[in-house]
Amino acid sequence: MKIRVVTMFPEYFEGPLDVSIVGRAIEDGILEVELIDLREHGLGKHKQLDDTPFGGGPGMVMRIEPLAGVLEPLENTHRVLFTPSGHPMKQETLDRWAALEEITFVCGRYEGVDQRVIDHFIDEETSLGDYVLAGGEVAAAAAIEGIARLLPGVVGNPDSTVFESFRDGLLEEPVYTRPAEFRGWKVPEILLSGDHARIEAWRKEQRLQRTRERRPDLLDGLPSDN
Ligand code: JCE
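Everything numeric here is computed off the predicted structure, so don't read it as measured data.

S.K.: Explain the domain arrangement of the protein chain to me, please; I cannot follow it from the model alone.
M.R.: The accessible area lost on association of the parts is a frequent measure of interface size. Along its sequence, the protein chain is carved into domain 1 (2-148) and domain 2 (163-219). Between domain 1 and domain 2, the C-alpha centre-to-centre distance is 37 Å.

Below, the structure written as structure tokens:
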């Protein structure tokens, strides 16, 4: 798979692309990431990318010309703009993107992007979550990592059948490893019992409890046999 990233800060990606699952996927030739430096497409001798908003107001807006120059030739790739006003990024979003051969992520900066860029050169607007970042780079890095671990042949790619059965739409249960006791803090006894049926029932109950407490919104859409 090939991921292009259009950004004013290509150096931001040096760390995230070099380590762990993403680093390995690139090393193994399963993933290719091309960084496109938007600054090189800036206007005039100052390589300007932004301007004041029509109608007035605070902040600056990204101009259309540099982005048009980069994005128009990429119109047969899926072009995603990260923005706080986008559709929330979910696991199903990443599943869908990971199935593509090529995708382009556009990282905005300033207070936004001229709407004509979105209307003519963007296929999908996506938000990392309900908080405001200073730009799209963190969202793009998150998406790249989430995609990389789904690609066939990537180390750490979950065995789909085993993994799927745990994906019951609930939060994960707490997990423990050795030692069985640390400073008097004991691992729940049931996990040491060897009774796999009771262990599974306990885990399910933990997932339900956690989900009710932290993410009741996740329970709304679930079948009631959970
Ligand atoms: C971004 C900004 C609009 C004020 C470009 C934020 C946030 N949760 C989020 N996902 N993506 C973002 C994001 C992505 C791109 C940009 N800003 C900051 N945006 C109003 C400030 C600029």
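S.K.: Which parts of the structure should I look at to understand the site of the ligand?
M.R.: Lining the immediate surroundings of the ligand are 16 residues, of which Tyr110, Leu128, Gly129, Tyr131 and Leu133 lie closest. Leucine 128 is positioned such that a nitrogen or oxygen atom in its backbone is 3.0 Å from a nitrogen atom of the ligand. Within the contact set of the ligand, a nitrogen atom lies 2.8 Å away from a backbone nitrogen or oxygen of tyrosine 131. Calculation on the ligand without its partners gives an accessible area of 480 Å², and the protein chains cover 86% of this total. Sort the elements by how many residues they give to the shell around the ligand and strand β5 (residues 78-88) lands first, with three residues. When the residues that make up the shell around the ligand are grouped by side-chain class, the tally is eight nonpolar, six polar and two charged.

S.K.: Where do I start with helix α3 (residues 64-71) in this structure?
M.R.: Note: α-helices contain 3.6 residues per turn, so residues at a spacing of three or four share the same orientation. Of the positions making up α3, those classed as buried are Pro66, Leu67, Ala68, Val70 and Leu71. For α3, the elements touching its buried residues are β1 (2-7), β2 (32-37), β4 (61-62), β5, β6 (102-107) and α5 (115-121).

S.K.: For this particular structure, what's the right way to read the pattern of salt bridges?
M.R.: Here the structure, examined in full by the defined rule, presents 17 salt bridges. Of the charged contacts, one joins arginine 63 and glutamate 65 as a salt bridge, the two residues approaching to 2.5 Å between their closest N and O atoms. Look at arginine 63 and you get partly exposed, because its relative accessible area is 23%. Residue classification places glutamate 65 among the partly exposed residues on the basis of a relative accessible area of 37%. Salt bridges here are not isolated pairs; linked through shared partners, they connect Asp168, Glu173, Glu200, Arg203, Lys204 and Arg207.

S.K.: Which parts of the structure should I look at to understand the packing of aromatic side chains?
M.R.: To describe a pair of aromatic rings, one takes the distance between the centres and the angle between the planes. For the structure shown, the criterion picks out five aromatic pairs. Their ring planes at 50 degrees and their centres at 5.2 Å tell us that phenylalanine 82 and phenylalanine 105 sit as a pair that is tilted. Here the residue phenylalanine 82 occupies a position in strand β5, and phenylalanine 105 occupies one in strand β6, the gap between them amounting to 23 residues. A relative accessible area of 0% places phenylalanine 105 in the buried class. One aromatic cluster in this structure is built from Phe82, Trp97 and Phe105.

S.K.: How do you make sense of the nonpolar core when you look at a structure like this?
M.R.: Within soluble globular proteins, side chains that are nonpolar generally end up buried alongside one another. Grouped together as the largest cluster of nonpolar side chains are 27 residues, with contacts concentrated most on Ile3, Leu31, Phe82, Trp97, Phe105, Ile144 and Ile147. Counting only elements with at least two residues in this core, the list comes to β1, α2 (20-27), β5, α4 (91-98), β6 and α6 (137-148). In contact with isoleucine 144, other than residues within four places in its own chain, are Ile3, Val5, Phe13, Leu17, Val22, Leu31 and Phe105. One finds Ile36, Leu67, Val106 and Phe121 within the second-largest nonpolar core, a separate group that totals 18 residues.

Calculation notes
- Residues numbered from 1 in each chain as written.
- Predicted model: local features only at pLDDT ≥ 70, side-chain atom pairs only at ≥ 80, totals over all residues.
- Heavy atoms only, no water.
- Domains from an automatic or database assignment.
- Near = heavy atom within 4 Å.
- Polar contact = N/O pair within 3.5 Å; in protein donor to acceptor, adjacent residues only side chain to side chain.
- Areas by Shrake-Rupley, 256 points an atom, 1.4 Å probe, with all protein chains shown as cover.
- Helix = DSSP H or I, 4+ residues; strand = E, 2+ residues; numbered from the N terminus.
- Nonpolar A, V, L, I, M, F, W, Y, C, P; charged D, E, K, R; others polar.
- Buried < 20%, exposed > 50% of the residue type's maximum accessible area, 1.4 Å probe, protein only.
- Contact = heavy atoms within 4.5 Å.
- Salt bridge = Lys/Arg side-chain N within 4 Å of Asp/Glu carboxyl O.
- Phe/Tyr/Trp six-rings, centres within 6.5 Å; stacked < 30°, edge-to-face > 60°.
- Core = buried A, V, L, I, M, F, W, Y, C linked by side-chain atoms within 4.5 Å.

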